[in-house]
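Structure at a glance
Take a look at the letters that make up each chain.
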Amino acid sequence: MTKIHAAITAVGGYVPEDVLSNDDLAKIVDTSDEWITTRTGIKERRILKGEGLGTSDMAVKAVQQILDKKNIDPLEIELLICATTTPDYTFPATANVITDKLGLKNAFGYDISAACSGFLYALTTASQFIETGKYKKVIVVGGDKMSSILNFEDRTTCIIFGDGCGAVLLEPNTDGFGIIDSVLKSDGAGRAHLHQKAGGSVKPATVETVMAKEHFVYQEGQTVFKFAVTNMADVAYEIMQRNNLTENDVAWLVPHQANKRIIDATRERMGITEDKVMINIQRYGNTTNGTLPLCLWEWESRLNKGDNIVLAAFGGGFTWGATYLKWAY
Ligand code: UT7
């Protein structure tokens, strides 16, 4: 029987209009454009402003682009998986909100929580539904309104994140294109170094937790950096090795955009040149679950059928992983 691969057949994306530059941040916290640029590669990031707007509002815009581009009836979508760390609500799932807002009445949906690796976890999960042959149109969304959990008094953390969302459509392909392989990893011991202290069942919200600013991202930057820089590079190399890909075979690396220095280390480990790496960290910062699909969205017009693409990510959990796919259009 011919193998069914899950192929990305369309990409959508959305970043909010409001730009927060490094110079703007320097007016809020003790930092400078020079420090942020040299340490991270970030120049500016987008912030979702407006009362009552959440991650689903960005996701709706990204998914709507896909429906428009492909001229798809919303009723054809069977499943929507949303990877996010900043869900609209603790429950129900943001995927449910998105499917409702878009009228995807025949789709079921759920969220995946794997921080910055969430999009890869969701893509891999979604691909299984396609590979069984049972599902024909599945949407994977990755995005975050990181500004909703940032402490703008913590200069080491607030400078790296931004808001944004991307989405892809997965459809079956029997010509060898699509997702070929994924390596996903996690190590919960890493949670000590990157987490949100309050708001979960261990420490529900109280006046005290709010006053102590425990509903924001807590990150020990240096420690996370050390794990990220080795693990993301290692896993990207591992997926090349086990699929017999040389540096010349790889058309593009799509790296998680947390820090330009982590991206460079991954590229060097893979042995590929800089022109093969998608980098938009300077404009959007780290949009957590949004980084990978936003890269695909921005580079879509430059991709060719058959391109070997490696996606790699590292994030809170710790979670990390890499996916190898053959571009299908
Ligand atoms: O995406 C999820 C996973 N997250 C990541 O991958 C993030 C990984 N970590 C990082 O990217 C980096 O650790 C940061 C960008 C967050 C921080 O960069 P760093 O080079 O690790 O800085 P540091 O925390 O070691 O701080 C170095 C110095 C310190 O001053 P002293 O002690 O040397 O005097 C900090 O106080 O820089 C100071 N500093 C700043 N100075 C100006 C820290 N943040 C800032 C700032 N502006 N924003």
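In case you missed it, the structure is sitting above this.
Computed from a prediction, not measured in an experiment: that's the story for all the values here.

A word on the sheet that holds strand E7 (residues 163-173)
In spatial order, the strands read E1-E7-E6-E4-E5; together these 5 strands make up an open sheet with mixed pairing. Because the sheet does not close on itself, it has two edges, and the strands there are strand E1 (5-14) and strand E5 (108-112). Sheet twist, expressed as the mean angle between neighbouring strand axes with direction ignored, is 20°. Pairing of strand E6 (residues 138-145) with E7, which is carried by 8 bridges, proceeds in the antiparallel orientation. Looking at the pairing, Val 138 lines up with Leu 170 of E7.

Quick look at the site of the ligand
Around the ligand there are 22 residues in total, and Thr 31, Arg 39, Gln 222, Asn 259 and Asn 286 lie nearest to it. Between the ligand and the protein, one listed contact pairs an oxygen atom with a side-chain N or O atom of Trp 35 at 3.4 Å. In this structure, an oxygen atom belonging to the ligand sits 2.8 Å away from a side-chain N or O atom of Arg 39. In isolation the ligand has 950 Å² of accessible area, and contact with the protein removes 76% of it. One can see that the ligand is located within the second largest pocket. Elements that contribute at least two residues to the shell around the ligand include exactly helix H2 (33-40), helix H6 (155-158), helix H8 (221-242) and helix H9 (260-270). A total of 5 residues in the shell around the ligand trace back to one element, the largest contributor, which is H8. When grouped by side-chain class, the residues that make up the shell around the ligand number 9 nonpolar, 9 polar and 4 charged.

Points about the packing of H8 against H9
Running from N to C, H8 and H9 point in directions that differ by 30°, and their axes come no closer than 8 Å. By the angle between their axes, H8 is roughly parallel relative to H9. Classified by chirality, the crossing of H9 by H8 is right-handed. Between H8 and H9, the contacting residues are Phe 225, Ala 228, Val 229, Met 232, Ala 233, Asp 234, Ala 236, Tyr 237 and Met 240 on the first element and Arg 261, Ile 262, Ala 265, Thr 266, Arg 269 and Met 270 on the second. Looking at the contact of H8 with H9 residue by residue, the classes come out as 11 nonpolar, 1 polar and 3 charged.

Topic: helix H5 (residues 118-131)
The first and last C-alpha atoms of H5 sit 20 Å apart over 14 residues, in line with the 20 Å expected at 1.5 Å per residue. Counting buried positions along H5 gives 10 out of 14 residues, so the element sits mostly inside the fold. Within H5, the full set of buried residues consists of Gly 118, Phe 119, Leu 120, Tyr 121, Ala 122, Leu 123, Thr 124, Ala 126, Ser 127 and Ile 130. Downstream of H5 by a residue or two, Gly 133 has a phi angle that is positive, lying close to 95°.

Some points on the pattern of salt bridges
Where charged atoms from two side chains of opposite charge come close, those side chains can pair. A complete count under the given rule lists 19 salt bridges for this structure. Across the salt bridge formed by Lys 137 and Glu 171, the nearest N and O atoms sit 3.0 Å from each other. One end of the pair, Lys 137, is in the loop between H5 and E6; the other, Glu 171, is in strand E7, and 34 residues separate them in sequence. Comparing Lys 137 with Glu 171 shows no difference in burial state: the two are buried. Where salt bridges share partners, they join Lys 70, Glu 76, Lys 137 and Glu 171 into one cluster.

About the cut-offs
- Residues numbered from 1 in each chain as written.
- Predicted model: local features only at pLDDT ≥ 70, side-chain atom pairs only at ≥ 80, totals over all residues.
- Heavy atoms only, no water.
- Pairing = 2+ DSSP bridges.
- Helix = DSSP H or I, 4+ residues; strand = E, 2+ residues; numbered from the N terminus.
- Axes fitted to C-alpha atoms, helices over the stretch in contact; angles between N-to-C directions.
- Near = heavy atom within 4 Å.
- Polar contact = N/O pair within 3.5 Å; in protein donor to acceptor, adjacent residues only side chain to side chain.
- Areas by Shrake-Rupley, 256 points an atom, 1.4 Å probe, with all protein chains shown as cover.
- 1 Å grid on protein atoms, 1.4 Å probe; cavity = no way out; pocket = protein on both sides within 12 Å on 5 of 7 lines; lining within 4 Å.
- Sits in = over half its atoms within 2 Å of the grid points.
- Nonpolar A, V, L, I, M, F, W, Y, C, P; charged D, E, K, R; others polar.
- Parallel < 35°, antiparallel > 145°, perpendicular 65-115°, else oblique.
- Left-handed = near helix turned anticlockwise from the far one by under 90°.
- Contact = heavy atoms within 4.5 Å.
- Expected span 1.5 Å × (residues − 1).
- Buried < 20%, exposed > 50% of the residue type's maximum accessible area, 1.4 Å probe, protein only.
- Salt bridge = Lys/Arg side-chain N within 4 Å of Asp/Glu carboxyl O.

Keep in mind that these numbers describe shape and distance, not what the molecule does.
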